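Chain by chain, the residues:
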Amino acid sequence: MGRALTSWRGKKPSFCHDTGVPDDLLNRHAMTLSRPEVAFFLSILAGYLLAGALFAVYTPPWQAPDEPAHYNYVRQVAENGCCPRIEIGDWQGDYLGQLTSARFAPESLERLYTIQYEDHHPPLYYLLASLVYKLGNGSLVALRLFSVLLGSITVGLSYAIGKRILPEQPQIALGAMALVAFLPQHLAMMSAVNNDALAEALVACGLLWMIRCLKGNEVPIWQLGLIAGLAILCKVTIYFMLPLFPLAIALAWIQQGKPISVLARRIAAFMLVALLIGGGWWLRNISAYGFPDFLGLGAHDAVVADQPRTIDYVDEHGWINYARQLIAVSFKSFWGQFGWMALPLDSVLGGWIYRGFALLTIAGISGTLLAARSAAASEDSDRIARRHIRIIFTAAVLIVLLAFFYYNLEFLQWQGRYLFPTLIPVALSLVAGIDAWRTRLFPRWEPSRWLTSLAMMCLFALDIYLLFRVIVPGLSP
């Protein structure tokens, strides 16, 4: 273990180097920005902050999934210290039904403070948000704006990730950045009180650091352990990152062709750092809820036992109808189904919105397959690194999808927002596919490359329309 520790304490504290390409050359090539890139980047970031602020201010109070429970966790930490325990009575299905049916009318909020069923979550976001709570005297809008600022990290890093992977195609990085920023449901979640924005920022940091290592940059192993440890302290839904880091270490080791003992030392050092940072939370949960409930999920499931169950729905409607609803509602709520799933967009603008998103998805997937076939036939000096990055992205998406389907085997949770931790890989894939079709439509018109970014930026106008013409009137008491 002593030799493992020297890998992040010594002069060369990294596991990603010896590619034969100087780091400074890689960095200059990956992050060289043209004037159009700078203009697009700043416009997207400013547009996100503006749209996010508008959503935070004008979305009716508590009309975001689980927002009262997240707010009450923050309040408990600010007033009583860390950390609360989830207990019987924290979930009140009948009262929540009254609140949502009354659209959280002020006269129905007398027991809102008792909604505390998110108390099982790791504490990192709530510790940070408690400072905002104190400074803002408990202001809901202030906490929402804090989430918007955290979300800007993910928005900015989505561009950095795309630029690292495809430095010669900045329109894909910018298009993915715009999709992450302006996807309506994602924007709504980034402007609500919850731990999603911080969790996604950590996912984005982890993906960027893994890409840096696979592209040949020196990455100190303690930094990967730090990100993993913070993920443990942030949210269970991003624990899919924990196996991805060893996978990235292994892929980098394959590229370098080093002895297997080197791989073992690197993984051991990574795990040591991650557990030193986050392992204490798992021990706390075992102490609070008993062994083996180190995640607190067993206690959570016991508290929310009267939530709608999959088996009851299947008994009444059958597996085929369940599968149809799972796919249809998950797709809709991925793009936009606001409030507590009470405001779908089927009748908005003649019902074309979901059709448009379906066409965008089909174009992205088909274009991605077309581009992948062309890339397979080409000789690219960077293709091994890109192949390994695709492995990381594919593993991330598959793990999150499996977790989503597994959770839905017990509870009815057809909410596409649960897939947002992997939104960056999904956005890059979709935008790359759309850009592949653009190159075939305009093969000789060089300025057309920016059409891909502009198309994704048009979602900003849709967001503003949905906020003031759909969300505010549709969810206000």
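First, a word on what this report is: a plain description of the structure on this page. Per chain, residues are indexed from 1 in the order of the written sequence. Where local features are concerned, this predicted model is filtered to residues with pLDDT of at least 70; where side-chain atom pairs are given and counted, the filter is 80 or more; whole-chain, interface and lining totals use all residues. No hydrogens and no water enter the side-chain calculation; it runs on all heavy atoms of the structure.

**Examining the side chain of Asp-66**
Then, in step 1: Numbered from the N terminus, helices here are DSSP runs of H or I no shorter than four residues, and strands are runs of E no shorter than two. Residue position: Asp-66 is located in the loop between α3 (35–58) and α4 (67–80).
Then, in step 2: In protein, a polar contact requires one atom able to donate a hydrogen and another able to accept it; more generally it is a pair of N or O atoms within 3.5 Å, and residues adjacent in sequence count only if both atoms are side-chain atoms. Within the structure, the side chain of Asp-66 is placed 3.1 Å from the side chain of Arg-417, a separation counted as a polar contact.
Then, in step 3: Contacts are residue-level and defined by heavy atoms, with any inter-residue pair within 4.5 Å sufficient. Apart from the residues lying within four places of it in its own chain, the contact partners of Asp-66 are Tyr-117, Glu-118, Trp-340 and Arg-417.

**Quick word on the nonpolar core**
Then, in step 1: Among the nonpolar cores identified, the biggest contains 144 residues, and Tyr-125, Ile-161, Leu-179, Ile-392 and Phe-393 are the most heavily contacted of them.
Then, in step 2: Looking at which element gives the most residues to this core, the answer is helix α10 (residues 196–214), with twelve residues.
Then, in step 3: In this structure, Ile-392 is in contact with Leu-207, Met-210, Leu-214, Leu-244, Leu-247, Ala-248 and Leu-251, ignoring residues within four places of it in sequence. In these notes, a set of buried Ala, Val, Leu, Ile, Met, Phe, Trp, Tyr and Cys residues joined through side-chain atoms within 4.5 Å is what counts as a nonpolar core. Each residue gets one of three labels from its accessible area relative to the maximum for its type: buried under 20%, exposed over 50%, partly exposed in between, using a 1.4 Å probe on protein chains only.

**Some thoughts on the pattern of salt bridges**
Then, in step 1: A pairing counts as a salt bridge when a side-chain nitrogen of Lys or Arg comes within 4 Å of a carboxyl oxygen of Asp or Glu. Summed over the entire model, instances satisfying the criterion amount to ten salt bridges.
Then, in step 2: As a salt-bridge pair, Asp-66 and Arg-417 come within 3.1 Å of each other at their nearest N and O atoms. You can see Asp-66 sitting in the loop between α3 and α4 and its partner Arg-417 sitting in the loop between α18 (383–408) and α19 (423–441), a full 351 residues away along the chain. Just as Asp-66 is buried, Arg-417 falls in that class too.

**Regarding the state of the cysteines**
Then, in step 1: Our working definition of a disulfide is a cysteine sulfur pair at a distance within 2.5 Å. Tallied over the full model, the rule gives one disulfide.
Then, in step 2: We note that Cys-205 lacks a disulfide partner, and the nearest cysteine sulfur, in Cys-234, lies 11 Å from it.
Then, in step 3: Under the relative-accessibility criterion, Cys-205 is labelled partly exposed at 22%.

**Section: α10**
Then, in step 1: With 19 residues, α10 ought to run about 27 Å at 1.5 Å a step, and its terminal C-alpha atoms sit 27 Å apart, in line with that.
Then, in step 2: For α10, the buried fraction is high: 17 of the 19 residues fall into the buried class.
Then, in step 3: One or two positions beyond α10, positive phi appears at Gly-216, with a value near 105°. Expected span, for any helix, means 1.5 Å times one less than how many residues it has.

**Observations concerning the environment of Ala-436**
Then, in step 1: Structurally, Ala-436 is set in helix α19.
Then, in step 2: Remark: the alpha-carbon pair of Ala-436 and Thr-452, spanning 16 residues in sequence, is separated by 9.6 Å.
Then, in step 3: Setting aside its immediate chain neighbours within four residues, Ala-436 contacts Gly-367 and Ala-371.

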